[in-house]
Structure formats: structure tokens, C-alpha cells
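Here is what each chain is made of, one letter per residue.
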Amino acid sequence: MRKKRWLSVLIAAGIVAAQCVLPVGDTGSAFVPQASAAFVSWSIQQTSNRELAPGLTQTEFTYTLGDMTSRYTTLTLKPDSEVELRPVMPWDGTSVGLQTVRNMANSAIVNGNNVVAAVNGDMYNMSTGEPWGVVIQDKNLVHGYNVAGRDWPFFGFMEERKVLYGRYADYTQMWPQLTQAMGLHCVLVENGRNVCTDTSTTRAPRTAVGVKQDGSIFFLTADGRQDSSEGLSLTELADLMIKEGAVWAGNLDGGGSTTVVSREPGADALSVQNVPSDGSERRVANGWIFVAPGSPTQAQMTAAQNDLYGRVVSDTTRPFVLKPGSTYQFCMTLVSGSNPPNCITDDPEHYTVTYTGNSGRNYYYKITAKPGAAGANVYSTVPGADPVLQCKLLAAG
């Protein structure tokens, strides 16, 4: 058989061979996915499937354990896809912090990246946002090993998306070859078999990453801690990853952090595809984003900015005449976001703007025309975003 590509897997510290190479398409019995015996009682049904970009597919499932029906989502990236998979930090930067997965992705869109999906990443200090593990982005070390996660495993890629995973000792030897990498909690599957050592039966929301026989990489998010979806134990998560075809899989941050976002068909904005157990999106330390070739459209850029900074609409949008000495009150409503809006004109010399107060998300401003006023544009602004034209003031006469 001709080997088109190789999937390189750095096995955990303490294994003598240090590296195990699995040829794509190899169907050797050592790598046939094999879940535990209890898994055969699961009832799993696919509910939807759609392509987010060439070679990247989102699939929704429901599964039944006993009398409880729950749900999970997978994002599967084929080995020949041109979609890039890379870590993302808050504001698509390099500093430690906290931000929702959706707004990390939105930040990357504002920076010109054609992000089509994203999922949460490593565990972290919930007060500071410091990840427990390493973060490497485009061959650059963004975050080194945290003391708390000194022997934290990592998962990442070399050139041509060849997969590496290991522990700190492996990382110190292999990091120069890594192009993208992030910490993970524990290894769930090796050689197609459940190797989870956590025997707890506690079910919770989960996020995991896996690699299939053909070199495809996939992420799985399972909702939990809800009446409509109980979640999974780590052992059950490993079995489910095997069912999805994983020959290797690792556990990422779960619980309220579990989040997957993508763009609905025909939509410009990214939206959350699961139901976070906190009741809203949790701010996390990092995530993985899927970046398609090309650039985002202007509408997608605007949607990302609105999600990041807020969207404001005015009660007056049609042009009108404001004579010198006259005053008009505008209501600027904050439709999305949390930063209070401001109102400005592009001729502050002849038009004064006075803030008069707010009622909930409605903010009121009075604009007064001075002598010599010859027309101006009225804009709303929110911190971090470009001004948005709301209406035009016309000259009298």
C-alpha cells in the first residue's frame, strides 16, 4: 500500500520506543478501535450533519444510556482539508486572560481570519486565566508549562498536521518540531483502546480531541448537568471517542467550559452549538479554532465586531434638518454587548452632544446645532469598535 501521509504519535513518557508511527490506511488489528463491553448497550442516533468548509464537518448526535437521552457534537477535519486548526488565546493575542470561546473566535475574525468553528481548550486557573499546559501557535511559544500542570500532557502538530502527544519530558525534546500545540488533561484512548484510569462514575459535560485511522482529527463536545443531557464519565467519554473512530484521544476542559461554536447556514455571526451547563458561555483561557482559506466577508467582520463590542441602533436613522440653536434628542439602544455606547458627530465645532441619562439599555443624547452648522454625520461608538453611522444632520435652508 502506498503511504500518502504518516500520522506520528509520540507515546507517553516511560515508553521505551518514544515514538510510534501509524501509516494512514493501516488496518492492523493493533489499531482497530475497541470500546469496553458496556458500550454495546448505548443507543446512538445522528440528528444532523453539515459541511462547515471543505473537509470540515459538524455532526449532531443523541445517545441513550438507560432512561436518559443526551446529546453530543463532533467537528471532524479530514487530513487533506485546507482548513487550518490552531490554538487561540483571549482577543486572539498572546496574553493570559479570560474570554468566551465565541469571542476568541470573533477576535480572530476581526484580525482577518476566516474562522468557521471553534471549541474550548485546556484547563486553567479560573481566577487568572492561566492555562495549565503549554500553548504553541504557528511555531511560537505563547505559554509555557504552568507549575500546577508541570506533567500535564500536550497535544499538537508538526508540519503537514502530523500529530504529537506526550508529557513534559517529551515536550522538552520535541517542542522545536511543533507548529501548534496545547495542554490536555489526560489520555483517554491509545491504539484504539480505552486507557482511561479515572474510575469515577460522575457524569458531566465533556470536551475531547481524537485522531482517526485515516489521520482525521475530531473534537467531541457532550452536554451535561441538565435535565435534557446528563453528560459522561471519563470512561464513557473514552468509549464514545472509540465509537467515533479514535485510535488516540485526549480529554480537554469540560464542565461549564464545554463550548462549541460555528456559523449556521446563511448566517454571518458565529453561534454556540451546544448548551453550556452554566446557563451561559463561560470565559475560558484558550481554545482551538478552525480557519478556512480566504478572508471573512465584510458582513462576517461586522457581525464579529458586534458580538465583541456591542451593537447599537438609533431611534432616528433618516436624514433631517437641525437648525442653528435647535436641539434634538437621540436614543441609542445597546442591542448586544455590555459596554455603554457613546454618541458623536464628525463636526464637534458646530454640534454639541450632551449625555442626558439612560433607562436600561436605552441611552439618551441631545445634539444642539450652533451658528454656522452646515450638516454632520451622527455616529454611535462603543469601546474597541469603529464608529457606526446612525444618521445625517442636514444644513438649514
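For the structure itself, look to the data block above.
Rules of the game
- Residues numbered from 1 in each chain as written.
- Predicted model: local features only at pLDDT ≥ 70, side-chain atom pairs only at ≥ 80, totals over all residues.
- Heavy atoms only, no water.
- Disulfide = S-S within 2.5 Å.
- Buried < 20%, exposed > 50% of the residue type's maximum accessible area, 1.4 Å probe, protein only.
- Phe/Tyr/Trp six-rings, centres within 6.5 Å; stacked < 30°, edge-to-face > 60°.
- Lys NZ or Arg CZ within 6 Å of the ring centre and 35° of its normal.
- Axes fitted to C-alpha atoms, helices over the stretch in contact; angles between N-to-C directions.
- Helix = DSSP H or I, 4+ residues; strand = E, 2+ residues; numbered from the N terminus.
- Parallel < 35°, antiparallel > 145°, perpendicular 65-115°, else oblique.
- Left-handed = near helix turned anticlockwise from the far one by under 90°.
- Contact = heavy atoms within 4.5 Å.
- Nonpolar A, V, L, I, M, F, W, Y, C, P; charged D, E, K, R; others polar.
- Pairing = 2+ DSSP bridges.
- Core = buried A, V, L, I, M, F, W, Y, C linked by side-chain atoms within 4.5 Å.

Caption draft 1: Up close: the state of the cysteines. Throughout the structure, instances matching the rule amount to zero disulfides. Unpaired in this structure, Cys 343 has its nearest cysteine sulfur neighbour in Cys 391, at a distance of 8.0 Å. When its relative accessible area of 3% is taken as the criterion, Cys 343 is described as buried.

Caption draft 2: Up close: the packing of aromatic side chains. For the structure on display, the rule yields 18 aromatic pairs. By the ring-pair criterion, three or more aromatic residues cluster together here, those being Phe 155, Phe 157, Tyr 165, Phe 219, Trp 248, Trp 288 and Phe 290. Positioned above the aromatic ring of Phe 218 is the side chain of Lys 212, whose terminal nitrogen or guanidinium carbon lies 5.2 Å from the ring centre.

Caption draft 3: Main features of the packing of helix H1 (residues 101–110) against helix H4 (residues 298–309). Where H1 contacts H4, the two axes come as close as 9 Å, and the packing angle between them is 135°. Considered as vectors, H1 and H4 are oriented oblique to each other. Between H1 and H4 lies a crossing whose hand is left-handed. Judged by residue contacts, Arg 102, Asn 103, Asn 106, Ser 107, Ile 109 and Val 110 of H1 engage Gln 300, Met 301, Ala 304, Gln 305, Asp 307 and Leu 308 from H4. A breakdown of the residues in the contact of H1 with H4 according to their chemical character gives five nonpolar, five polar and two charged.

Caption draft 4: Region of interest: the sheet that holds strand E16 (residues 217–222). Strand order in the open sheet made by the eight strands is E3-E4-E5-E16-E15-E17-E13-E14, with antiparallel pairing throughout. Both outer strands of the open sheet, strand E3 (43–53) and strand E14 (193–194), are each paired with one neighbouring strand and no more. With five bridges connecting them, strand E15 (residues 206–212) and strand E17 (residues 246–251) associate as antiparallel partners. Counterpart to Val 211 in the pairing with E17 is Trp 248.

Caption draft 5: Quick peek at the nonpolar core. Membership of the largest hydrophobic core comes to 27 residues, with the highest contact counts inside it found for Leu 85, Phe 155, Ile 217, Phe 219, Trp 248, Trp 288 and Phe 290. Sorting the residues of this core by element identifies E3, strand E5 (68–77), strand E7 (114–120), strand E10 (154–157), strand E11 (163–166), E15, E16 and strand E20 (287–292) as the ones contributing at least two each. With residues up to four places along the chain from it excluded, the contact list for Phe 155 reads Val 163, Leu 164, Tyr 165, Gln 180, Ala 181, Met 182, Leu 184, Val 209, Val 211, Ile 217, Trp 248 and Trp 288. Listed in part, the 22 residues of the second largest apolar core include Phe 61, Cys 196, Leu 232 and Met 241.

Caption draft 6: Just the environment of Pro 340, in detail. In this structure, Pro 340 sits in the loop between strand E23 (327–336) and strand E24 (342–345). With near-sequence residues (within four places) excluded, Pro 340 lies in contact with Tyr 363, Thr 381, Val 382 and Pro 383.

Caption draft 7: View of the pairing of strand E25 (residues 351–359). Of the strand pairs in this sheet, E25 and strand E26 (residues 362–369) are connected by eight bridges, and their pairing is antiparallel. By the bridge assignment, Tyr 351 is partnered in E26 with Ala 369. What sits between E25 and E26 in their antiparallel hairpin is a turn of two residues, with Gly 360 showing a positive phi close to 65°.

Caption draft 8: H1, seen in detail. With eight of ten residues buried, H1 is to be regarded as a mostly interior element. Along H1, the residues that are buried comprise Val 101, Asn 103, Met 104, Ala 105, Asn 106, Ser 107, Ala 108 and Ile 109. Looking at the buried positions of H1, the neighbouring elements they touch are strand E6 (84–88), E7, strand E18 (260–263), strand E19 (270–272), E20 and H4. Just past H1, the residue Gly 112 takes up positive phi, approximately 100°.

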